[in-house]
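# Inside the fold
Letter by letter, the chains look like this.
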Amino acid sequence: MKKILREQGLTLFFGLIFFLALAGQAFAGHAEYNAQLLTAGVHPISMTRYITSSNFAADVMENWQSEYLQFLLYILATVWLLQKGSPESKELDKAGTESDEDQKVGQYADSDSPAWAKVQGWRQIVYARSLGLTMGTIFLLCWLVQSIAGKSAYNDQQLRDFHAPVSYLDYLRQPDFWSRTLQNWQSEFLAVGSMVALSIYLRQRGSPESKPVGSPHDATGLEG
């Protein structure tokens, strides 16, 4: 157990606080939603019904899709774009996809390299882009679920207000959909941009997201 906690600690920590935050969101969201129902003269619903509702799904998915979009853009942008002095950037002479030798693929692969890194052809091409492809796929799926759940939640509110429901395509043109989407996107972009810029001048001893404490401000691509 101690070995698992030591070697998998980062994943376990974030997995734990993820589930705690999700549970907290469910309880708080349930209370808020029931308060809205009571104000509208509608009977409150159970926790089980709430966490399986379109309202809860839309709220969760709008956060998930923005997070995966953040990492997708960060993964792709850092292939080509550089930031002098930031540990979040590659070294200034390494823009691009780099050589096979640098990436240890094909004939340059090590004995313990992943199997698909050692072969040529489509398997290496796919594996060499598998992180971005996976993040992009999860982002699109979460955004799709958000749009479907958001449309259902929007129509529930429309019916409570005695307005006609809208179609899926009509919902995609509604301010509600884009408000849900863009309010999360802008916060993710701000967070990543701040991390890139602040890590030029500020340090966190022992963190790979920071340069070594004594590194000069213009040192690029170093990890502490």
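Please read these numbers as outputs of a predicted model, since none were measured by experiment. (Residues numbered from 1 in each chain as written. Predicted model: local features only at pLDDT ≥ 70, side-chain atom pairs only at ≥ 80, totals over all residues. Heavy atoms only, no water.)

### Looking at the overall build of the protein chain
Each helix and strand counted, the protein chain has 10 helices and 0 strands in total. Put simply, the protein chain runs from its N terminus to its C terminus through helices and strands in the order α-α-α-α-α-α-α-α-α-α. Its C-alpha atoms give the protein chain a radius of gyration of 23 Å, clearly above 17 Å, the size a compact globule of 224 residues would have. Oriented by its inertia axes, the alpha-carbon framework of the protein chain measures out at about 65 × 40 × 40 Å. By residue count, 29% of the 224 residues in the protein chain fall in the buried class. Counting only carbon and sulfur atoms, one obtains 63% of the accessible surface of the protein chain, whose full area is about 14,800 Å². (Helix = DSSP H or I, 4+ residues; strand = E, 2+ residues; numbered from the N terminus. Rg over C-alpha atoms; globule rule 2.2 N^0.38 Å. Buried < 20%, exposed > 50% of the residue type's maximum accessible area, 1.4 Å probe, protein only. Areas by Shrake-Rupley, 256 points an atom, 1.4 Å probe, with all protein chains shown as cover.)

### Some details on the nonpolar core
Among the nonpolar cores identified, the biggest contains 9 residues, and these are Ala26, Tyr33, Leu37, Ile45, Tyr50, Phe56, Val60, Met61 and Cys142. Contributions of two or more residues to this core are made by helix H2 (9-39) and helix H4 (54-80). Not counting the four nearest positions on each side in its chain, Leu37 is found in contact with Val42, His43, Pro44, Ile45 and Arg160. In this structure, Leu72, Met135, Phe139 and Trp185 belong to the second largest nonpolar core, which totals 5 residues. (Core = buried A, V, L, I, M, F, W, Y, C linked by side-chain atoms within 4.5 Å. Contact = heavy atoms within 4.5 Å.)

### A short note on the layout of surface pockets
Here the largest pocket defines a volume of roughly 1,000 Å³. The wall of the largest pocket is formed by 28 residues, among which Val79, Thr97, Gln103, Ala128 and Arg129 lie closest to the centre. Counting only elements with at least two residues in the lining of the largest pocket, the list comes to H4, helix H5 (100-103), helix H7 (122-127) and helix H8 (130-160). Sorting elements by how many residues they give to the lining of the largest pocket places H4 first, with 5 residues. Of the residues contributing to the lining of the largest pocket, the split by class is 12 nonpolar, 9 polar and 7 charged. Taken as a whole, the second largest pocket holds about 830 Å³ of empty space. (1 Å grid on protein atoms, 1.4 Å probe; cavity = no way out; pocket = protein on both sides within 12 Å on 5 of 7 lines; lining within 4 Å. Points joined across faces, edges and corners; volume = space filled by probe spheres on them. Nonpolar A, V, L, I, M, F, W, Y, C, P; charged D, E, K, R; others polar.)

### Focus: the confidence of the model for the protein chain
In this model, the protein chain carries an average pLDDT of 92, and 100% of its residues clear a pLDDT of 70 or more. Of all the helices and strands in the protein chain, helix H1 (residues 2-7) carries the lowest mean pLDDT, 86, while helix H3 (residues 47-51) carries the highest, 95. (pLDDT = per-residue confidence, 0-100.)

### Here's the deal with the environment of Ile75
As for its position among the elements, Ile75 is in helix H4. Judged by relative accessible area, which is 21%, Ile75 ranks as partly exposed. For the pair Ile75 and Met135, spaced 60 residues apart in the sequence, the C-alpha separation amounts to 9.1 Å. Excluding residues within four positions of it along the chain, Ile75 makes contact with Leu131 and Met135.

### A word on the side chain of Glu62
One can find Glu62 in helix H4. Side-chain polar atoms of Glu62 contact the side chain of Asn184, separated by 3.4 Å. If near-sequence neighbours (up to four positions away) are discounted, Glu62 is found in contact with Gln146, Arg180, Gln183 and Asn184. (Polar contact = N/O pair within 3.5 Å; in protein donor to acceptor, adjacent residues only side chain to side chain.)

### Considering the environment of Tyr171
Relative to the assigned elements, Tyr171 resides in helix H9 (residues 168-171). Spatially, the C-alpha atom of Tyr171 lies 9.4 Å from that of Ser152, the residues being 19 residues apart in sequence. Within the structure, the side chain of Tyr171 is placed 2.7 Å from the side chain of Asp176, a separation counted as a polar contact.

### Considerations on the pattern of salt bridges
All chains considered together, the criterion is met by 6 salt bridges. Ionic pairing is found between Asp110 and Lys104, a salt bridge with its closest N-O pair at 3.3 Å. A salt bridge links Asp176 to Arg180; its shortest N-O distance comes to 3.5 Å. Remark: Arg180 and Asp176 occur in helix H10 (residues 175-201); sequence separation between them is 4 residues, near one turn of the helix. With a relative accessible area of 15%, Arg180 lands in the buried category. In this structure, a network of salt bridges that share partners links the residues Asp59, Glu62, Asp176 and Arg180. (Salt bridge = Lys/Arg side-chain N within 4 Å of Asp/Glu carboxyl O.)

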